[in-house]
Amino acid sequence: MSVERIPILKMGEFLLVSIQTELDDRLAVNLQKELTARVAETGARGVLLDISGLDIVDSFLGRMISTIAEMTRIMDAETVVVGMKPAIAITLVEMGLTLPGVVTALNVEKGMELLRARTRASGEGDGIHSLSTYHTAGHQ
Amino acid sequence: MESTVSQHTILPATSESDLVTARHLARGYSKEIGLGLVDETKLVTAVSELTRNAIVHGGGGSVCFEQVERDGRQGVRVTFEDHGPGIPDVTVAMLDGGSSTKSLGLGLPGSRRLVDEFELHSEVGKGTKVMIVKWK
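A. The arrangement of the overall build of chain B in detail. Helix and strand counts for chain B come out as four helices and five strands. Along its sequence from the N terminus, chain B presents helices and strands in the succession β-α-α-β-β-α-α-β-β. Put simply, chain B has 136 residues, and 53% of those count as buried. Considering only residue pairs separated by 6 or more positions, chain B has 63% of its internal contacts joining residues 24 or more positions apart.

B. Structural detail: the overall build of chain A. Of regular secondary structure, chain A possesses five helices and five strands. Secondary structure elements of chain A, listed N to C terminal, follow the sequence β-β-α-β-α-β-α-β-α-α. Considering only intrachain contacts with a sequence separation of at least 6, the fraction spanning at least 24 residues in chain A is 70%. Roughly 7,100 Å² of accessible area belongs to chain A as shown, and the carbon and sulfur atoms make up 57% of that amount.

C. Main features of the nonpolar core. Of all hydrophobic cores here, the largest spans 62 residues; its most connected members are Phe65 and Ile132 of chain B. If we skip the residues at most four places from it in the chain, Phe65 of chain B touches Gln7, His8, Thr9, Leu11, Ala22, Leu25, Ala26, Tyr29, Val47, Arg77 and Val78 of chain B. With 10 residues, the next largest nonpolar core counts Leu16, Val80, Leu114 and Leu115 of chain A among its residues.

D. Up close: the pairing of strand β2 (residues 14-18) of chain A. Residue and element names in this part refer to chain A. In terms of burial, β2 is a largely internal element, four of the five residues being buried. Pairing analysis gives four bridges linking strand β1 (residues 8-11) to β2, with the strands arranged antiparallel. Its bridge partner being in β2, Ile8 is matched across the sheet by Val17. With antiparallel pairing between neighbouring strands as the criterion, β1 and β2 make up a hairpin whose turn holds two residues, including Gly12 at a positive phi of roughly 60°. Note: β2 against strand β3 (residues 46-50), five bridges, orientation parallel. By the bridge assignment, Phe14 is partnered in β3 with Gly46. Regarding topology, helix α1 (residues 25-42) serves as the crossover connection from β2 to the parallel β3, and that connection is right-handed.

E. Up close: the confidence of the model for chain A. Scored by pLDDT, chain A has a mean of 86; 84% of the residues are at 70 or more. Counting contacts from residues 125-140 of chain A, a segment whose pLDDT is below 50, to residues more than four positions away or on other chains yields 12 contacts.

F. Representation of the interface of chain B and chain A. With 24 residues of chain B at the contact, the number on the chain A side is 21 residues. Both sides together, the interface formed by chain B and chain A hides about 2,100 Å², and carbon and sulfur atoms give 58% of it. At the boundary of chain B and chain A, one finds five salt bridges. Linking chain B with chain A are 12 residue pairs in polar contact (both at pLDDT 80 or more), by the criterion used here. If you list the elements that add at least two residues to the side of chain B that touches chain A, you get α1 (16-32), α2 (37-56) and α4 (107-114) of chain B. For the side of chain B that touches chain A, the element with the most residues is α2 of chain B, which contributes nine residues. Residues that form the side of chain B that touches chain A fall into these classes: eight nonpolar, eight polar and eight charged.

G. Structural context of the packing of helix α3 (residues 86-95) of chain A against α4 of chain B. The N-to-C vectors of α3 of chain A and α4 of chain B enclose an angle of 120°; their axes lie 8 Å apart at closest approach. Judged by the angle between their axes, α3 of chain A and α4 of chain B are oblique. Like other packed secondary-structure pairs, α3 of chain A and α4 of chain B cross with a definite hand, here right-handed. Counted together, Thr91, Glu94 and Met95 of chain A of α3 of chain A and Gly110, Ser111, Arg113 and Leu114 of chain B of α4 of chain B form the full contact between these two elements. Here the contact of α3 of chain A with α4 of chain B is built from residues that sort into two nonpolar, three polar and two charged.

The rules behind the values
- Residues numbered from 1 in each chain as written.
- Chains lettered and ligands numbered in written order.
- Predicted model: local features only at pLDDT ≥ 70, side-chain atom pairs only at ≥ 80, totals over all residues.
- Heavy atoms only, no water.
- Helix = DSSP H or I, 4+ residues; strand = E, 2+ residues; numbered from the N terminus.
- Buried < 20%, exposed > 50% of the residue type's maximum accessible area, 1.4 Å probe, protein only.
- Contact = heavy atoms within 4.5 Å.
- Areas by Shrake-Rupley, 256 points an atom, 1.4 Å probe, with all protein chains shown as cover.
- Core = buried A, V, L, I, M, F, W, Y, C linked by side-chain atoms within 4.5 Å.
- Pairing = 2+ DSSP bridges.
- Right-handed = clockwise from strand over helix to strand, strands pointing away.
- pLDDT = per-residue confidence, 0-100.
- Buried area = accessible area lost by both parts, 1.4 Å probe.
- Salt bridge = Lys/Arg side-chain N within 4 Å of Asp/Glu carboxyl O.
- Polar contact = N/O pair within 3.5 Å; in protein donor to acceptor, adjacent residues only side chain to side chain.
- Nonpolar A, V, L, I, M, F, W, Y, C, P; charged D, E, K, R; others polar.
- Axes fitted to C-alpha atoms, helices over the stretch in contact; angles between N-to-C directions.
- Parallel < 35°, antiparallel > 145°, perpendicular 65-115°, else oblique.
- Left-handed = near helix turned anticlockwise from the far one by under 90°.

Spelled out as C-alpha cells, the structure:
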C-alpha cells in the first residue's frame, strides 16, 4: 500500500500544490481531503494547483480538479490550475470535459499573478461577494 | 476486414494499481506503433476511463492490449471485459451525463470520441465487453 502524499506548501496567503507523480484515484481523493483541511487551518486565500507533471486527466481526475476548486471556493479560497499539457487540453475538450468553474493559467507565474489579482478584487468588499462579482473577476 | 495481431498483453483489472499499469501499457503500445503525443494521450485517457469502468462498475475483469495491422496500417486494439451486472440501457449509458456514479457521466461517450473504433456489448447479469482501436 502506497503512503505517497502530495506536498502542500504554504506561500504567504496561498497554498501551492504541485502534482509530480502519477495520480491514482486514492491519491487524488486524499489530496482533496488534505487540501481542504489545510485551507481551513491556514486561512489561505488561494490555491495554486500545478498539474504540469500529469500526463493524463481522465473524467475522474477532471472531476477531482473541479471539486477541489468548488470546495476551496466555498471556503473563501480561489483555486487556479496551471501547467496543463496541450495534449491533455485537446483530449479533455474532445471528451466534452471542459472543467466548468475551474480557473486556469498557463504557468505558475501567471497563476500567481491571477491569484493575487482575484484575491485583491474579492478583498475589496466586506468579504461577502456575490456571484456576479465573481463572474466579473473571472473575465479579467 | 481481418487484422493481424503482432503482440499482445493481458492484464487483470481488479485494483487501482492495475489502473496505473493499464495506463503505462497503453503508453507503451502507442509508442511501439509511433502514435503522436496527442493520439497517445487520447488512447491512454480512454484506457484509463474504460479500465476504471471494469474495476468499479464491473467488479473487476481483464484488459487485453494488442498491436494490430490492417491494410498496412498499424493500430492498438484494447479489449475490456468484466463479469459485472452489465448495462441495462446502453443507449442511455452512451449519452453524455448518462453515467450512474461518481464521474461526470463522460466515461463511455467521452472514450468513444477519443478513439477510431468503439464497440460495446453488454448483457445484464453477465457482463460488459468494450473494444477500442486507435489507428496510426
